[in-house]
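# Structure at a glance
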Amino acid sequence: MPKHSLPCAIPCAIALGGNLGDVAATFERALAALDATPGIQVTGRSRWYRNPPMGPPQPDFLNGCALLKVALSPEALLDRLQALENEAGRVRTVHWGPRTLDLDLLLYGDRVMQTPRLQVPHPGLGDRAFFAVPLAEIAPDWVEPLTGRAITQIAQTLDCSAVIPLA
Ligand SMILES: Nc1ncnc2c1ncn2[C@@H]1O[C@H](COP(=O)(O)O)[C@@H](O)[C@H]1O
Ligand SMILES: Nc1nc2c(c(=O)[nH]1)N=C(COP(=O)(O)OP(=O)(O)O)CN2
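Starting afresh in each chain, residues are numbered from 1 along the sequence in its written order. Chains carry letters and ligands carry numbers; both start at the beginning, A for chains and 1 for ligands, and go up in the order they are written. Per-residue local features of the predicted model are confined to residues with pLDDT of at least 70, and side-chain atom pairs are confined, for both listing and counting, to 80 or more; whole-chain, interface and lining totals are unaffected and use all residues. Derived side-chain values reflect all non-hydrogen atoms in the structure, with water molecules and hydrogen atoms excluded from consideration.

Further remarks concern helix H3 (residues 129-138). Buried residues dominate H3, accounting for eight of its ten residues. The complete set of buried residues in H3 reads Ala129, Phe130, Phe131, Ala132, Val133, Pro134, Leu135 and Ala136. Packing partners of the buried residues in H3 comprise strand E1 (10-18), strand E3 (49-51), strand E4 (61-70), strand E5 (102-108) and helix H4 (151-156). Burial here depends on accessible area, computed with a 1.4 Å probe over protein chains only, as a share of the maximum for the residue type. Under 20% is buried, over 50% is exposed, and the range in between is partly exposed. Only DSSP runs of H or I reaching four residues or more are called helices, and only runs of E reaching two or more are called strands; each is numbered from the N terminus. We call two residues in contact when some of their heavy atoms are within 4.5 Å.

Before going further, it helps to examine the nonpolar core. To define a nonpolar core, start from buried Ala, Val, Leu, Ile, Met, Phe, Trp, Tyr and Cys residues and group those joined through side-chain atoms within 4.5 Å. Ranked by size, the top nonpolar core spans 25 residues in total, and within it Leu34, Leu68, Leu77 and Leu105 carry the most contacts. Every element with two or more residues in this core is listed here: E1, helix H1 (23-35), E4, helix H2 (74-87) and E5. No other element matches the five residues that H1 contributes to this core. Residues in contact with Leu105, not counting those within four places in the same chain, are Cys12, Ala13, Ile14, Pro74, Leu77, Leu81, Leu118, Gln119, Val120 and His122. Ala136, Ala139, Trp142 and Ala155 belong to the second-largest nonpolar core, a separate cluster that totals 22 residues.

UniProt positions are given in the numbering used here, feature names are shortened, and annotations may be inferred rather than shown by experiment. Those places that UniProt annotates as "domain: 7,8-dihydro-6-hydroxymethylpterin-pyrophosphokinase" (unreviewed entry) correspond, in this numbering, to residues 95-106. Helix makes up 0% of residues 95-106 and strand 42%, and the two end C-alpha atoms of the span are 19 Å apart.

Here a residue is considered near a molecule or strand provided that any single heavy atom belonging to it is located within 4 Å of it. The environment of ligand 1 is formed by Leu78, Gln82, Glu85, Arg90, Arg92, Asp102, Asp104, Leu105, Arg117, Leu118, Gln119 and His122. Whenever a nitrogen or oxygen atom comes within 3.5 Å of another N or O atom, the pair is scored as a polar contact, on the condition that within protein one atom can donate a hydrogen and the other can accept it, and that pairs from neighbouring residues in sequence are kept only if both atoms are in side chains. One of the backbone nitrogen or oxygen atoms of Leu105 is found 2.8 Å away from a nitrogen atom of ligand 1. Arg117 has a polar backbone atom sitting 2.7 Å from an oxygen atom of ligand 1. In isolation ligand 1 has 480 Å² of accessible area, and contact with the protein removes 71% of it. The pocket occupied by ligand 1, as judged from atoms lying within 2 Å of grid points, is the largest pocket. Elements that contribute at least two residues to the shell around ligand 1 include exactly H2 and E5. Residues are sorted three ways: Asp, Glu, Lys and Arg are charged, Ala, Val, Leu, Ile, Met, Phe, Trp, Tyr, Cys and Pro are nonpolar, and all the rest, Gly among them, are polar. Tallied by class, the residues present in the shell around ligand 1 amount to three nonpolar, three polar and six charged. In these tables, accessible area is a Shrake-Rupley quantity obtained with a 1.4 Å probe, and a residue counts as shielded only by the protein chains included in the view. A pocket here means an open set of points on a 1 Å grid, computed over the protein atoms alone, that has protein on both sides within 12 Å along at least five of seven lines. A cavity is instead a set of points where a 1.4 Å probe fits but cannot get out; residues with an atom within 4 Å of a point line either one. For a cavity or pocket, the test is whether more than half of a molecule's atoms lie within 2 Å of its grid points; if they do, the molecule sits there.

Quick look at the structure:
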């Protein structure tokens, strides 16, 4: 089925992060693989932003966000995101430690859910500038359903000074 006719597609926002290897190339591969996935269309992407690590000392991160149209359940979308993390060689060792690729589901339409596997909106959206700054670039007016705040409003409450766009 052509992507433009995906029935019941839900607008979603994801975050990309990583600090091991050629992260920009890893992000490009992940977005291409997502767009090639039945039931997923990549409709927008931010610039990539360099910023210092949250957590233990480690190399700076690249972070960014992408917008999707998704005709999959939130759980099936998470399965696909985690499969792509694994394909990028992600190894889970240290909590908040270095990684080749992290793909987080930030928003799934206006759904609010909290299950053992999935919290949506992502609980970091309100306090992580490396989520809010790139998302504000591509979806400034999207209203976060838990607090009723637009993404730009969230970004304005955070110290965004260390989240620097690449060229
Ligand atoms: N919104 C979410 N996006 C991604 N992962 C989520 C979300 N809510 C809960 N999770 C769970 O978080 C752990 C660890 O995720 P990493 O970001 O890969 O460290 C994972 O088991 C998800 O089920
Ligand atoms: N600058 C920056 N620092 C980070 C980043 C990141 O993307 N950018 N992700 C982290 C951990 O994310 P993880 O997904 O493991 O934790 P979470 O489940 O709390 O989001 C830890 N520290």
